[in-house]
Amino acid sequence: MIGNGIPQQEPEESHLSRSNSNRRAYVAGMAMAAPFAAATLPYPWLLLSLVAGIPFVFHLARYGVHFPKVQRVPAIVWTVLLLGLFHLYGLWSGPTPFWTRVVVDMGIVALGVGVFLLGRAETDASGNEMLEGFFAALIPFVFVTAVVGLVKAALLERGILVGFVYALYPEQYPTGSSLRGDINLFGLSMLVAGLGLVANSFDRNGSPKRTVFRILALALIVSAGLLTESRRFLILSLLIPTLWLALTFMLVPRRRFVVKVLLPVAGLLCAIGALFWIIQSPAPFQKVTVMHFPGIPQDGAAGKMEAASAPPEENPARPGITVRQTDPATIYRLLGTMAANQAYGFESRAEKWRLGASLLEERAWLGGIGFAYHRTFSCRFAACGSLDYPHFPILSEWLVSGIAGAVAAVAIYVLLFRSIWRSGWDGWKSGSSALAVAVLPYSLLSGDTLFSIPQFIIICLLAQSQAVSGAPAIGHDRER
């Protein structure tokens, strides 16, 4: 009320502002899905993932750029920025022949942080909106790449290579359903999309048709992940039924347990079994041929192939190419590689960890040696021809900038766990806490520095967004 007793029109204006801020957070979440979408495609096809950021760019063009106040920038962002400064110092103090890779990683993380800050500029933005936008962009993208990957796996079972994939990997064709050489990041995107489908399946207005579609989509995505030969996905895929059961006990009335849980789970298992039966070939292939698709450019190895219009049997693959058949039985073989006599799957990393520890003992534990360790690891394990590293990001950060870098890296993990704790049950309902648990093994045992897996930083920011919102997950009220 003002002095003359006439009420002001602030409620309507604040409502419009709130709608705009929620919309901004939503499209920012869509843009933050781009690194995960890119991880399902090889270069240069991964540039298709940039479509996820188009709505955010249009939103900024229409409503302008607004940065949050300094006091509202969360600690996780300041810590990531500090680690970025350490990386710049590392490039200066210990040059690396692979500096472009370091710069690209830093650029992707910087863009992710920038999108997060712009999306959370308004004080009333919803953390749920950002996560919902993330899933809305990622799940359809991953669904399409999962379908393409399963088709590629079925063809591989029959000795047929997809031309544009073979052109990008003329030496070693990607295994199974993976469309790129890095099967672990491909599997991570499948895992994150699968968890998002589960989290979004427990809304109040889920119709039978939508439930059936989600089950089929989840079956395709899980099947594509299982057929990548990624041991991490094989183990962490257990998070999908675990999250399903947890949300069931929290959100589903006992009288609807059969309809909402038992029938969908049975349908999911049947769909995965049917997909495996379709994909698997009863006889191993004797020769390898290449199938080309008219209109799709054949990069890299194009000069080694026949015309795109030729049938596959007239295009034998180049002699000497490494092609591994990946069928559903691969899942059981992968479990055998994690036995005690093979150091539970870590035998390939133990020697690299020892080398990193020896570098720390010699001269790097206090101030680091910059990125000079790249050359040492490359010449020891890759004949000085390609990038190699400890495969333990905290150790890499320690080597880059000494004890300060290691402390900053550990602080990021601590802040992530704090976000999970502060989110409480809402974090599990929305799926943000499940995503954080899923990405941890990748960030701890894969990649070079923390920035070399930008997906980890993105999940940290999404978990922070959920923790700050403090609101119940939208559409997850328990039915009684």
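Residues numbered from 1 in each chain as written. Predicted model: local features only at pLDDT ≥ 70, side-chain atom pairs only at ≥ 80, totals over all residues. Heavy atoms only, no water.

**Focus on the state of the cysteines**
So, point 1. Counting across every chain of the model gives one disulfide.
So, point 2. Across the disulfide from Cys-379 sits Cys-384; the S-S distance is 1.9 Å. Taking the sign of the torsion about the S-S bond as the criterion, the disulfide between Cys-379 and Cys-384, at about 125°, is right-handed.
So, point 3. For Cys-379, a relative accessible area of 40% corresponds to the partly exposed category.
So, point 4. By relative accessible area, Cys-384 is classed as partly exposed at 45%. (Disulfide = S-S within 2.5 Å. Buried < 20%, exposed > 50% of the residue type's maximum accessible area, 1.4 Å probe, protein only.)

**What to know about helix α15 (residues 373-381)**
So, point 1. Listed as buried for α15 are Tyr-373, His-374, Phe-377 and Ser-378. With its buried residues spanning 130° around the axis, α15 presents them on a single face.
So, point 2. Phi turns positive one or two residues past the end of α15, at Ala-383, with a value near 55°. (Helix = DSSP H or I, 4+ residues; strand = E, 2+ residues; numbered from the N terminus. Arc of directions from axis to C-beta.)

**Here we look at the packing of aromatic side chains**
Each pair of aromatic rings is reported with the distance of its centres and the angle of its planes.
So, point 1. Under the counting rule described, the total for this entry stands at ten aromatic pairs.
So, point 2. One cation-aromatic arrangement involves Lys-352 over Phe-381; the distance from NZ or CZ to the ring centre is 5.3 Å.
So, point 3. Across from the ring centre of Phe-381, 6.0 Å away, lies the NZ or CZ of Arg-380, which sits over that ring. (Phe/Tyr/Trp six-rings, centres within 6.5 Å; stacked < 30°, edge-to-face > 60°. Lys NZ or Arg CZ within 6 Å of the ring centre and 35° of its normal.)

**A word on the nonpolar core**
So, point 1. Grouped together as the largest cluster of nonpolar side chains are 120 residues, with contacts concentrated most on Phe-134, Tyr-373 and Phe-456.
So, point 2. Broken down by element, the residue count for this core peaks at 13 residues, all from helix α6 (residues 127-157).
So, point 3. With residues near it in sequence (within four places) discarded, Tyr-373 still touches Leu-359, Tyr-389, Pro-390, Ser-396, Leu-399, Val-400, Asp-448 and Thr-449.
So, point 4. Core analysis: the second largest hydrophobic core is formed by twelve residues, Leu-155, Leu-156, Phe-164 and Tyr-173 among them. (Core = buried A, V, L, I, M, F, W, Y, C linked by side-chain atoms within 4.5 Å. Contact = heavy atoms within 4.5 Å.)

**Here we look at the pattern of salt bridges**
So, point 1. What the rule picks out here adds up to three salt bridges.
So, point 2. Residue Asp-388 is joined to Lys-352 by a salt bridge in which the shortest nitrogen-to-oxygen separation is 3.1 Å. With Asp-388 in the loop between α15 and α16 (393-430) and Lys-352 in helix α14 (residues 347-364), this pair connects stretches of sequence that are 36 residues apart. For the pair formed by Asp-388 and Lys-352, the shared burial category is buried.
So, point 3. Note that Lys-429 is salt-bridged to Asp-426, the shortest N-O span being 4.0 Å. (Salt bridge = Lys/Arg side-chain N within 4 Å of Asp/Glu carboxyl O.)

Any functional reading would require information that these geometric values do not contain.
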